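# Chains, contacts and geometry: an overview
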Amino acid sequence: MSTRGEASNTVIPENLTIKLIEIIDMTGKICYRRDCRNLENGSLIIPVNNLRNGVYLMKIFNGQQWSVEKIIVQH
Amino acid sequence: MKKFITIILALIFFITQSKGQTSISPRTDQEYCPQTDISFTVTTPGSINNITSYSGGCFVVSRNGNNFVGRFSDANLKQVFSVEYTDVDNTIKYYYPEFKKIKSLFYSNTSCGSIQPNLSIINAAGCQENTIPISFSNLQWHTEFETTASCFGSITQYEYQIPVGWKIGSTTCMNSSQWIAGSNNVNIVTDANSGDGGYVKIRPVNTSCGISLTPGYNQTVSIPIKRNPTFTISPTSFQVPCGTASTKTVAVNLSFPTGCSVSYNWSLSNPYTYTYPSGGFVPQTFTTTSPSFTFSTPAYSGVLPSISVTPVVNGVSQPTLICTASRTPIDASQYPDFAIVGPNSICSSENYTAVNIPTGFTVHWYTSTYPYGSNVAQINSPTSAQTSINAIGSGVISLIATITNQCGQQISITKSNISVGGGVSKINGYFTNYLGQYENLKTNYDGVNYIKPNYLTNVVVSNPELASATWSYITGGYNYWTQYQDPSIGTVLQINLPITNNIVLFRLTNNGSCGAQTFDFLFWAKDAPYSPYYSLSPNPASEVVNVQTSPTFDNSSSPNKVS
């Protein structure tokens with residue numbers, strides 16, 4: 001399933017505030033980290049092609065608190 | 001005593017006789033014009049000393065003995081003279097003749113009626129002269145300031161204000177402030193076109209008493225004038241069932257006739273759909289002098305064009321009128337026998353049949369789209385009445401059969417909750433908070449389950465086709481976990497997580513109708529997991545993930561599956 005075309009057209013809503021994104025694996029290792037403080041409005045696309053198949057957690061910090069989302073990488 | 005009674009009776013007789021001898025001629029109950037000299041003769045028992053105005057504005061013009069000339073003011077109220085005379089007993093006495101019937105229009109009062117013409121609006125055809133008869137009942141005169149309505153006589157003179165160029169009888173209105181005399185029954189003759197938006201005004205007058213008297217300003221009525229008709233279309237919409245060819249007539253109606261030349265510019269939203277009853281397609285635009293248009297609708301076209309028409313009066317376009325056309329809607333209740341027949345679960349492949357498809361309809365199969373659809377089920381014959389569906393993953397889908405008639409109208413029926421490839425497993429959870437109250441397990445958009453740290457949370461598996469379920473710990477920190485079988489709710493996972501923002505992964509193994517399936521559930525120990533939330537797509541992902549705000553927060557059951 002390829003959704004890259006959709007993803008590249010996605011506009012981040014103005015009220016979406018993302019300061020920092022981390023992807024961690026199930027052992028707690030940080031596999032990806034991105035400082036988003038200078039992010040301009042537009043698509044926020046995180047590459048996962050370097051990650052191995054498995055379950056990961058995407059932790060998103062909005063400047064005040066963390067949220068966590070589950071992401072499955074399946075090549 | 002007898003002498004005293006005789007004196008009293010004589011005195012009463014004398015007084016009565018004295019009163020009965022005062023009179024005035026003409027009498028007080030006659031109608032009088034204001035501002036007009038009137039000769040009166042007063043009769044009294046003795047000699048008259050003086051005659052003066054007493055009230056109401058009347059006055060004495062001249063006097064000669066018992067005769068005087070009086071004049072009433074232009075006011076319809078009681079007017080009284082005062083007659084001073086020396087009675088036979090040599091006493092000074094007064095006589096006050098009261099006149100209430102003064103034909104003045106100074107004061108208006110609807111208690112004695114108002115002008116109610118036979119027309120509330122004058123619709124006068126344009127481009128021609130029209131004779132408009134106006135009539136109404138005569139008003140009565142009245143006297144103001146009486147305790148009860150004092151109406152008398154009949155007002156027979158009126159004035160009309162009409163548009164310049166219009167006529168009453170032989171009098172043509174020359175300016176807009178001109179008033180033309182008439183009765184309560186006149187014929188107004190219009191000119192060809194003027195007056196639209198104006199008024200015909202009518203007021204009572206008493207010019208027979210004098211030309212400078214006050215007319216009945218406050219009793220003036222206004223009748224609005226309309227020279228151009230209002231156009232309406234009939235019908236404003238129509239529907240034709242698919243499969244039916246129908247002859248329709250759309251007509252423009254005029255609120256009143258006109259003498260002007262009128263043409264009608266017709267326009268269809270689509271060409272080459274309607275036909276003339278005599279044959280041939282109706283073009284997209286055309287002009288008629290007839291206010292109606294008859295045509296035939298096709299039996300099977302998907303779209304029926306709307307019809308608009310613009311009346312043109314003497315070259316001036318009027319507002320466009322629209323008649324909308326559509327197919328008569330259809331719905332599933334019209335075809336109650338149309339149904340999907342097939343099993344409620346698909347382990348590898350199953351057949352589904354759309355039965356009782358109405359004649360002339362075609363069928364198309366679809367699956368639900370989120371979270372499970374074509375990603376777990378493959379439709380092999382999407383346009384056949386019977387199709388096989390293969391399980392290519394696990395989930396719960398809805399199967400949709402959509403039938404379409406020759407006009408493109410569609411009806412869909414849905415068979416829901418079809419378990420594919422073992423289905424999904426859902427969990428519900430709860431814990432008891434410090435107040436002793438149950439709180440539900442909270443689950444975010446992507447299926448992460450939030451556990452309140454250091455509270456023992458019970459997680460229940462809710463899978464309707466589940467034969468057995470077993471939890472196993474995979475990774476992450478915990479204070480405590482166990483599982484047990486509850487006879488009423490099945491397998492229960494009990495977990496207690498530390499407060500350190502900890503995440504733990506448990507795996508659920510289900511044995512259902514399609515064999516063993518595993519499902520991974522994430523639990524995150526967090527106190528306030530409520531805001532903000534984000535959704536990730538695609539998920540699963542192979543190369544990139546797009547991050548968006550999540551539209552909803554789902555705190556109900558949590559479907560979850562990891563391949």
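Fair warning: this is a prediction, and the values are worked out from it, not measured in the lab. (Residues numbered from 1 in each chain as written. Chains lettered and ligands numbered in written order. Predicted model: local features only at pLDDT ≥ 70, side-chain atom pairs only at ≥ 80, totals over all residues.)

## Some points on the overall build of chain B
Scanning chain B for helices and strands turns up one helix and 49 strands. Counting all 563 residues of chain B, 29% fall into the buried class. For chain B, the proportion of contacts with a sequence separation of at least 24, taken over those separated by at least 6, is 62%. (Helix = DSSP H or I, 4+ residues; strand = E, 2+ residues; numbered from the N terminus. Buried ≥ 20, exposed ≤ 12 C-beta atoms within 10 Å, placed from the backbone. Contact = placed C-beta atoms within 7 Å.)

## What to know about the overall build of chain A
Secondary structure assignment for chain A yields one helix and five strands. Beginning at the N terminus, the succession of helices and strands in chain A can be written as α-β-β-β-β-β. For chain A, buried positions account for 24% of its 75 residues. A fraction of 49% describes how many contacts in chain A between residues 6 or more apart in sequence connect residues 24 or more apart.

## Some details on the sheet that holds strand β14 (residues 167–168) of chain B
Residue and element names in this part refer to chain B. Reading across from one edge, β10-β17-β14-β15 is the order of the four strands in this open sheet, with antiparallel pairing throughout. For this open sheet the edge positions go to β10 (131–135) and β15 (171–172), each flanked by a neighbour on one side alone. Sheet topology places β14 next to strand β17 (residues 185–189); two bridges connect them, and they run antiparallel. Residue pairing in the sheet places I168 in a bridge with I188 of β17. (Pairing = 2+ DSSP bridges.)

## Describing the environment of Q409 of chain B
All names here are of chain B. Position of Q409 among the secondary structure elements: in the loop between β35 (395–404) and β36 (410–420). Linking Q409 and D331, residues 78 residues apart in sequence, is a C-alpha distance of 9.2 Å. In this view, Q409 contacts C242, R327 and I330; residues no more than four positions away in its chain are not counted.

## Here we look at the sheet that holds strand β4 (residues 59–64) of chain B
Residue and element names in this part refer to chain B. What the four strands build is an open sheet, ordered β1-β2-β5-β4; its pairing is antiparallel. Every other strand in the sheet has two partners, leaving β1 (23–25) and β4 as the edge strands with one partner each. For this sheet, the mean inter-axis angle between neighbouring strands, taken without regard to orientation, is 30 degrees. Two elements, β1 and strand β2 (residues 37–43), share three bridges in a ladder whose sense is antiparallel. Note that in β2 the partner of S23 across the bridge is T43. (Axes fitted to C-alpha atoms, helices over the stretch in contact; angles between N-to-C directions.)

## A word on the confidence of the model for chain A
One rule of thumb: low pLDDT means the predicted coordinates there are not for detailed reading. Averaged over every residue, the pLDDT of chain A is 67; the share at 70 or more is 64%. Across chain A, the secondary-structure element scoring lowest on mean pLDDT is helix α1 (residues 4–8) of chain A, at 22, and the one scoring highest is strand β1 (residues 20–24) of chain A, at 84. (pLDDT = per-residue confidence, 0-100.)

## Some remarks on the confidence of the model for chain B
Residue and element names in this part refer to chain B. Taken residue by residue, chain B gives an average pLDDT of 86. The fraction at 70 or more is 89%. Under a pLDDT of 50 for its full length, residues 9–19 has, in the predicted model, two contacts with residues more than four places off or in other chains. Long-range and interchain partners of residues 550–563, a stretch whose pLDDT sits below 50, account for 36 contacts in this model, where long-range means more than four residues apart.

## Topic: the pairing of strand β6 (residues 79–86) of chain B
Residue and element names in this part refer to chain B. Only one face of β6 is covered, namely the one carrying Q79, F81, V83 and Y85; the face carrying V80, S82, E84 and T86 has none of its residues buried. Pairing geometry for strand β3 (residues 47–55) and β6, over seven bridges, is antiparallel. Counterpart to S53 in the pairing with β6 is F81. Across two bridges, the pairing between β6 and strand β8 (residues 98–99) is antiparallel.

## Comments concerning unusual backbone geometry
Residues and elements named next belong to chain B. Of note, the bond from S25 into P26 is cis; its omega dihedral lies within 30 degrees of zero at 0 degrees. Looking at the element boundaries, P26 is found in the loop between β1 and β2. S234 connects to P235 through a cis peptide bond whose omega is -5 degrees. Counting through the fold element by element, P235 comes out in the loop between β20 (231–234) and β21 (237–240). You will see that F145, though not glycine, has its phi angle at about 70 degrees, which is positive. With a phi angle near 65 degrees, N454 is a residue other than glycine that sits in the positive phi range. With respect to the secondary-structure elements, N454 resides in the loop between β40 (448–451) and β41 (457–461).

## Structural notes on the nonpolar core
Membership of the largest hydrophobic core comes to 40 residues, with the highest contact counts inside it found for M58 and I71 of chain A together with F523 and W524 of chain B. Ranked by residues supplied to this core, first place goes to strand β46 (residues 515–525) of chain B with six residues. Leaving out residues up to four positions away in the same chain, F523 of chain B has contacts with N449, I451, I495, L497, V504 and F506 of chain B. (Core = buried A, V, L, I, M, F, W, Y, C linked by C-beta atoms within 7 Å.)

## Focus on the environment of I202 of chain B
Residues and elements named next belong to chain B. Among the structural elements, I202 can be located in strand β18 (residues 199–205). Classification of I202 by C-beta neighbours within 10 Å gives buried; the count is 24. Setting aside residues up to four positions removed in sequence, I202 forms contacts with I115, P117, Y158, Y160, T220 and V221.

## Observations concerning the environment of F99 of chain B
Residue and element names in this part refer to chain B. As for its position among the elements, F99 is in strand β8. Each C-alpha atom, one on F99 and one on K78, is 5.7 Å from the other, the two residues being 21 residues apart in sequence. In contact with F99, other than residues within four places in its own chain, are T28, Y32, F72 and Q79.

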